[in-house]
Amino acid sequence: MNEKIFDVIKYEGNNQSFIYKYPQEDFNIGTQLIVHESQEAVFFRDGEALGSFGAGRHTLESQNLPYLKKTINRLSGEEVFHCEVYFINLTTQLGIKWGTDSKIRMFDPISGLHLEIGASGTFNIKVVDGRRLLLKVVGTEKNFLQNQIFDTSSCSVGNFKGMIVSKVKTYLAKTIRENSINILEIDEHIEELSEILRVNINKILANYGMTLPEFFISTIQTPDTDPNFIKLREQYAERYLKVQEQ
């Protein structure tokens, strides 16, 4: 019995698939590739990305996949080629929650005291270079769900959220110090801090073909019971009273 060769390649994953590998790997010259809006299809062979296609219906020929000339095999009189096809979801993933897993130790530039703070919020993320993401992350896996990529508890590739939180812990304290932001007035600087963090995090995510269109800090957790923080509030109150008296 001859092996079945598939004439149409189309997305067959569910709505939660972030990256979907088409299950078959042998196709005819002239096979139709159907790519939906907000998707990208990337062809792989022997670990090499051979070509990518945007939304639309595409006929696979040697003109749009030049490597076919070297890889065509004869099977039952048909021109057949072998490769892997990955579909990538290019839609912006909204409202992914993040939070620091431990306190951020920082030096308050106003009081000279050491404090520990926490932070949490949300971010939106999208793929801007599907080929780069595949080369960096996928390996030989068939599918990656959204929660696998963004939830560090689910699998090893869920490092994006861990990476983002790590950069938050690095740049948040640094930005507060360099801009002499009073920790007691930090809510006034949330928007500014969010944008600085977004820019710095995107420098790392660019290596994976991803970007954060938006990044939001929603809460800064201050150490209300910390003796240093209590002392800081007292100092601030004393300065305020002196100004009022003058």
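Report follows, based on the coordinates. (Residues numbered from 1 in each chain as written. Predicted model: local features only at pLDDT ≥ 70, side-chain atom pairs only at ≥ 80, totals over all residues. Heavy atoms only, no water.)

Focus: the packing of aromatic side chains
Just so we agree on the cut-off: When two rings of Phe, Tyr or Trp (its six-membered ring) have centres within 6.5 Å they constitute a pair, described as stacked for plane angles under 30 degrees, edge-to-face for angles over 60, and tilted for the intermediate range.
Evaluated as defined, the whole model comprises 7 aromatic pairs. One aromatic cluster in this structure is built from Tyr11, Tyr20 and Phe87.

Things to note about the pattern of salt bridges
For clarity, the threshold we go by: Think of a salt bridge as a Lys or Arg side-chain nitrogen and an Asp or Glu carboxyl oxygen that are within 4 Å of each other. Exposure is judged per residue with a 1.4 Å probe applied to protein chains only, and the accessible area is read against the type maximum: over 50% gives exposed, under 20% gives buried, and values in between give partly exposed. Helix numbers and strand numbers start at the N terminus; a helix is a DSSP run of H or I with at least 4 residues, a strand a run of E with at least 2.
Taken as a whole and assessed by the stated rule, the structure comprises 4 salt bridges. The partner of glutamate 25 in a salt bridge is lysine 21, and the shortest N-O contact between them spans 3.1 Å. Overall, glutamate 25 belongs to the partly exposed group, its relative accessible area being 24%. Here glutamate 195 makes a salt bridge to arginine 198, at a shortest N to O gap of 2.9 Å. With glutamate 195 and arginine 198 both in helix α5 (residues 190-205) and 3 residues apart, the pair spans about one turn of that helix. For glutamate 195, a relative accessible area of 38% translates into the label partly exposed.

A look at the environment of glutamine 221
The condition is simple: Residue contacts follow a heavy-atom distance rule, with two residues in contact if any of their heavy atoms lie within 4.5 Å. N or O atoms within 3.5 Å of each other form a polar contact, as long as, within protein, one can give a hydrogen and the other can take it, and as long as residues adjacent in sequence are counted only when both atoms are side-chain atoms.
The topology assignment puts glutamine 221 in strand β14 (residues 210-221). Remark: the alpha-carbon pair of glutamine 221 and glutamate 116, spanning 105 residues in sequence, is separated by 8.9 Å. Once residues within four sequence positions are removed from consideration, glutamine 221 is found in contact with Lys103, Glu116, Ile117, Gly118, Ala119 and Ser120. At 3.4 Å, the side chain of glutamine 221 forms a polar contact with the side chain of serine 120.

Focus on the side chain of lysine 21
Note that lysine 21 resides in strand β2 (residues 17-21). Using a relative accessible area of 14% as the deciding quantity, one classes lysine 21 as buried. Separated by 3.1 Å, the side chains of lysine 21 and glutamate 25 make a polar contact.

Here we look at unusual backbone geometry
With a phi close to 65°, serine 38 is a non-glycine residue in the positive phi region. Residue placement: serine 38 occurs in the loop between β3 (26-35) and β4 (39-45). Taking relative accessible area as the criterion, serine 38 reaches 37% and is therefore assigned partly exposed. Although it is not a glycine, serine 180 adopts a positive phi angle of roughly 50°. Position of serine 180 relative to the elements: it lies in the loop between α4 (159-178) and α5.

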